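Chain by chain, the residues:
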Amino acid sequence: MRIFGREPVVVLNTLSAALGLVVSLGITSLTAEQSGAIVAAVSAILGAIAAAMTRPVAPQAFTAVVAAGAVLVAAFGYDVSQETIGAINTAVLAGLTLLTRAQVTPSSPTAATGPTSV
């Protein structure tokens, strides 16, 4: 399965990073806490979808948890700006996507899931 000719995980992580970029540019009129909550939720949701589409699930799930967690810590643990939240999200997603990409492959919905013979 491909989205825009690319693997779904790459597209989903790019979409999540693009959201972080929109937040960091201050295009929205959200507070730092609101933008942090939105970016974390979207990162977690898109990460869960990406994890469901890859095998093994663990590297992509780790990427989603760390990205969402980093944004939440930045938004609610420290007094940081909306721009910093977006920058943290983008940097964490880009770094972890590069590190974990070699460890996952797209899942094939048509592949056999069990033994093919007895």
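In short, a report on the structure. (Residues numbered from 1 in each chain as written. Predicted model: local features only at pLDDT ≥ 70, side-chain atom pairs only at ≥ 80, totals over all residues. Heavy atoms only, no water.)

## Concerning the overall build of the protein chain
- On a plain count of helices and strands, the protein chain comes out with four helices and two strands.
- N-terminal to C-terminal, the α/β element order of the protein chain is α-α-β-α-α-β.
- Here the protein chain holds 118 residues, and the buried ones make up 36% of them.
- Considering only intrachain contacts with a sequence separation of at least 6, the fraction spanning at least 24 residues in the protein chain is 75%.
- A total of about 6,700 Å² of accessible surface is found on the protein chain, and carbon and sulfur atoms cover 70% of it. (Helix = DSSP H or I, 4+ residues; strand = E, 2+ residues; numbered from the N terminus. Buried < 20%, exposed > 50% of the residue type's maximum accessible area, 1.4 Å probe, protein only. Contact = heavy atoms within 4.5 Å. Areas by Shrake-Rupley, 256 points an atom, 1.4 Å probe, with all protein chains shown as cover.)

## Some remarks on the packing of helix 2 (residues 32–52) against helix 3 (residues 57–77)
- Packing of helix 2 against helix 3 brings their axes to within 8 Å, and their N-to-C directions diverge by 175°. Relative to helix 3, the element helix 2 is oriented roughly antiparallel. Facing helix 2, whose interface residues are Ala 32, Glu 33, Gly 36, Ala 37, Val 39, Ala 40, Ser 43, Ala 44, Gly 47, Ala 48, Ala 50 and Ala 51, helix 3 presents Val 57, Gln 60, Ala 61, Ala 64, Ala 68, Val 71, Leu 72, Ala 75 and Phe 76.
- Taken together, the residues of the contact of helix 2 with helix 3 break down into 16 nonpolar, four polar and one charged. (Axes fitted to C-alpha atoms, helices over the stretch in contact; angles between N-to-C directions. Parallel < 35°, antiparallel > 145°, perpendicular 65-115°, else oblique. Nonpolar A, V, L, I, M, F, W, Y, C, P; charged D, E, K, R; others polar.)

## Overview of the environment of Thr 100
- As for its position among the elements, Thr 100 is in helix 4 (residues 82–100).
- Counting along the chain gives 37 residues from Thr 100 to Thr 63, while the straight-line C-alpha distance between them is 7.8 Å.
- Leaving out residues up to four positions away in the same chain, Thr 100 has contacts with Pro 59 and Thr 63.

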